[in-house]
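Breakdown of the fold
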Amino acid sequence: MTKNPESVFMASRETYERLGVDVVKALSRLESVSLSLPCWQGDDVRGFESPDRGPDGGIAVTGSYPGRARNGPELRADLEKALSLLPGRHRVNLHAMYAEFTGRPADRDRLRPEHFSGWMDWARSHSLGLDFNATCFSHPKADEGWTLSHADPAIRAFWIEHVRRCRQISRILGRETGSSCIHNLWIPDGSRDQLADRFRPRERLISSLDAIYEKSFPPDEMKDSVESKLFGIGSEAFVAGSYDLYLAYALKRNLMICLDMGHFHPTESVADKVSALLPFFPEILFHLSRGLRWDSDHVVILDDALLELCREIVRAGALERIHLALDYFDATIHRVAAWVIGARAVMKALLRALLEPRDRLMELEESGDLTGRLALMETVKALPWGAVWNYHCEKHEVPPDETMMNEIRVYEQKVTSRRQ
Ligand code: RNT
Ligand code: ZN
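These figures come from a predicted structure and were not determined experimentally. (Residues numbered from 1 in each chain as written. Chains lettered and ligands numbered in written order. Predicted model: local features only at pLDDT ≥ 70, side-chain atom pairs only at ≥ 80, totals over all residues. Heavy atoms only, no water.)

Counting its regular elements, the protein chain contains 14 helices and 10 strands. Relative to the compact-globule value of 22 Å for 420 residues, the protein chain shows a C-alpha radius of gyration of 22 Å, a close match. Along the first, second and third principal axes, the C-alpha set of the protein chain runs to 70 × 55 × 40 Å. Counting across all 420 residues of the protein chain, residues that qualify as buried make up 54%. Long-range pairs, those at least 24 residues apart, make up 80% of the contacts in the protein chain between residues at least 6 apart in sequence. Side-chain charges of the protein chain comprise 54 positive and 62 negative groups, with the mean position of each set lying 2 Å from the other. (Helix = DSSP H or I, 4+ residues; strand = E, 2+ residues; numbered from the N terminus. Rg over C-alpha atoms; globule rule 2.2 N^0.38 Å. Buried < 20%, exposed > 50% of the residue type's maximum accessible area, 1.4 Å probe, protein only. Contact = heavy atoms within 4.5 Å. Lys, Arg positive; Asp, Glu negative; His and termini not counted. Charge placed at Lys NZ, Arg CZ, Asp CG, Glu CD.)

As a further point, take the site of ligand 1. In the vicinity of ligand 1, the contacting residues are Trp-40, Ile-59, His-95, Trp-186, Glu-227, Lys-229, Asp-260, His-263, His-287, Asp-295, Asp-327 and Phe-329. Between ligand 1 and His-263, the relevant distance is 2.9 Å, taken from an oxygen atom to a side-chain nitrogen or oxygen of the residue. In the environment of ligand 1, an oxygen atom lies 2.8 Å from a nitrogen or oxygen atom belonging to the side chain of Asp-327. Among the residues forming the shell around ligand 1, the class breakdown is four nonpolar, three polar and five charged. (Near = heavy atom within 4 Å. Polar contact = N/O pair within 3.5 Å; in protein donor to acceptor, adjacent residues only side chain to side chain. Nonpolar A, V, L, I, M, F, W, Y, C, P; charged D, E, K, R; others polar.)

One closed barrel holds the eight strands; their spatial order is β1-β2-β3-β4-β6-β8-β9-β10, and the pairing between them is parallel. Taking the axes of each pair of neighbouring strands and ignoring which way they run, one obtains an average angle of 30° across the sheet. In this structure, strand β1 (residues 35–38) lies alongside strand β2 (residues 91–95), joined through three bridges in parallel fashion. By the bridge assignment, Leu-37 is partnered in β2 with Val-92. Helix-sheet contacts for helix α7 (residues 243–253) involve β6 (222–227) and β8 (256–260), and the interaxial angle to β8 is about 155°. Along the sheet face, helix α10 (residues 335–354) touches β1, β9 (284–288) and β10 (322–326) and points at about 160° away from the line of β1. (Pairing = 2+ DSSP bridges. Axes fitted to C-alpha atoms, helices over the stretch in contact; angles between N-to-C directions.)

Turning to the packing of aromatic side chains, a few remarks are in order. Under the defined criterion, the tally for this structure stands at nine aromatic pairs. Centroid distance Phe-116 to Phe-132: 5.0 Å. Interplanar angle 90°. Geometry classified as edge-to-face. Residue Phe-116 is located in the loop between β2 and α4 (117–125), and its partner Phe-132 is located in strand β3 (residues 129–133); the two are separated by 16 residues in the primary sequence. An identical accessibility class is assigned to Phe-116 and Phe-132; each is buried. Taking NZ or CZ as reference, Arg-76 lies 4.8 Å from the ring centre of Trp-119, over its face. Over the ring of Phe-158 we find Lys-141; its NZ or CZ atom is 4.7 Å from the centre of that ring. (Phe/Tyr/Trp six-rings, centres within 6.5 Å; stacked < 30°, edge-to-face > 60°. Lys NZ or Arg CZ within 6 Å of the ring centre and 35° of its normal.)

One way to put it is that helix α6 (residues 199–212) packs onto α7 with a least axis distance of 12 Å and a crossing angle of 30°. With respect to α7, the axis of α6 lies roughly parallel. The element α6 and its partner α7 pack so that their crossing is right-handed. In this structure, α6 contributes Arg-202, Leu-205, Ile-206, Leu-209 and Asp-210 to the contact, and α7 contributes Leu-245, Tyr-246, Tyr-249 and Arg-253. When grouped by side-chain class, the residues that make up the contact of α6 with α7 number six nonpolar, no polar and three charged. (Parallel < 35°, antiparallel > 145°, perpendicular 65-115°, else oblique. Left-handed = near helix turned anticlockwise from the far one by under 90°.)

With that out of the way, let us pick up the coordination of the zinc ion (ligand 2). Distances from the zinc ion (ligand 2) to its protein donors, namely Glu-227 (OE), Asp-260 (OD), His-287 (ND1) and Asp-327 (OD), fall within the range 2.1 Å. Geometry at the zinc ion (ligand 2) is octahedral, judged from the six donor atoms that bind it and their angles of 71 to 169° at the metal. The sequence pattern describing where the donors of the zinc ion (ligand 2) fall on their chain is E-x32-D-x26-H-x39-D. Here His-287, found in strand β9, pairs with Asp-327, found in the loop between β10 and α10; they are 40 residues apart in sequence, far enough to count as distant. (Donors = N, O, S within 2.8 Å, 3.2 Å for Na, K, Ca; no water. Tetrahedral: all angles 85-135°; square planar, octahedral: opposite > 155°, others 65-115°.)

Next comes the structure, spelled out in structure tokens:
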């Protein structure tokens, strides 16, 4: 006889209670977490301006799974499907290249809030928050691999104007949706080979940033973050917006830093940065990604890197100060599944962190019982968190992992497979 999730849950709850863990509290904490879903996973980072070409600027998408979204209505329909399979209330992360035009398209330095009214209306009608990103790549003025730090002042001015407008658009998006919109800035600027002068591109970047962030907006409408990177395709020897540069800049300017899990040395722990940065930054944005050998932007899974990061955030009691945005793009699998698998992995990692017998572990550590601490950490790995997760899904009327794919298959058959 198969037991219903409720009774399996009750048994698991007792197991956790014996270790001093309040399961109900953990679940209600999990409920309040909103993840920001990257709209760009739905169309392989193509955007609506020139969808025949894939992205450039050091990022690459591989795969040709049929049925990518080709326009706003398709992309929004796919996002709705993904959101319907996630417990909780989440957000959608946009890029400037997803602007929609009724008449002649506007160039990036001419974008206005009304070009995003389709997104705004949709977000409002689904009570979704929106986040936003300037798109400083996939554009003729970025073809040389430099934007805000380009040596040509006219090119810099073009991109400064673009990012300024994107910040204004973010403000409107935040105001219209009633939820502060994070505007994140990532630029591809860098060099394939050694530079004779690493100072000047960075000086130019800093002065562009100064022009961009000159104006400040109310934080309940929009917040700013800057995203660093270690290297990209075509920027192997030098990246203008490195971690050091943005960390210093963000601190000085009261911006958020955005830490993308794929943007550090492969053995560098992003989780370890949580306790190092939280004393200095009121809020931090994470781009949850999975780099395989390089910043490959694979779908996030329940791996050690993700578990460790979520554990550090929860241990710090910092869920309110952290923003979690997924950032990956995989065109080899169904794109709705990619969103759902990744987002569910993050929620499961958070749940496991919230179910940690924190007090018990702290007691052991403080009393110097390092053996007991290690033993308990290993014990925790096999605790029945899966039953708690299934119960959570059931309570939110979304399918458990086991049957979640059935719904995606039906959607594929009825919707995405019919797209050419
Ligand atoms: C690129 C950055 C950036 C992009 C998105 C599309 O390496 O991670 O965040 O992935 O803006
Ligand atoms: Zn990123």
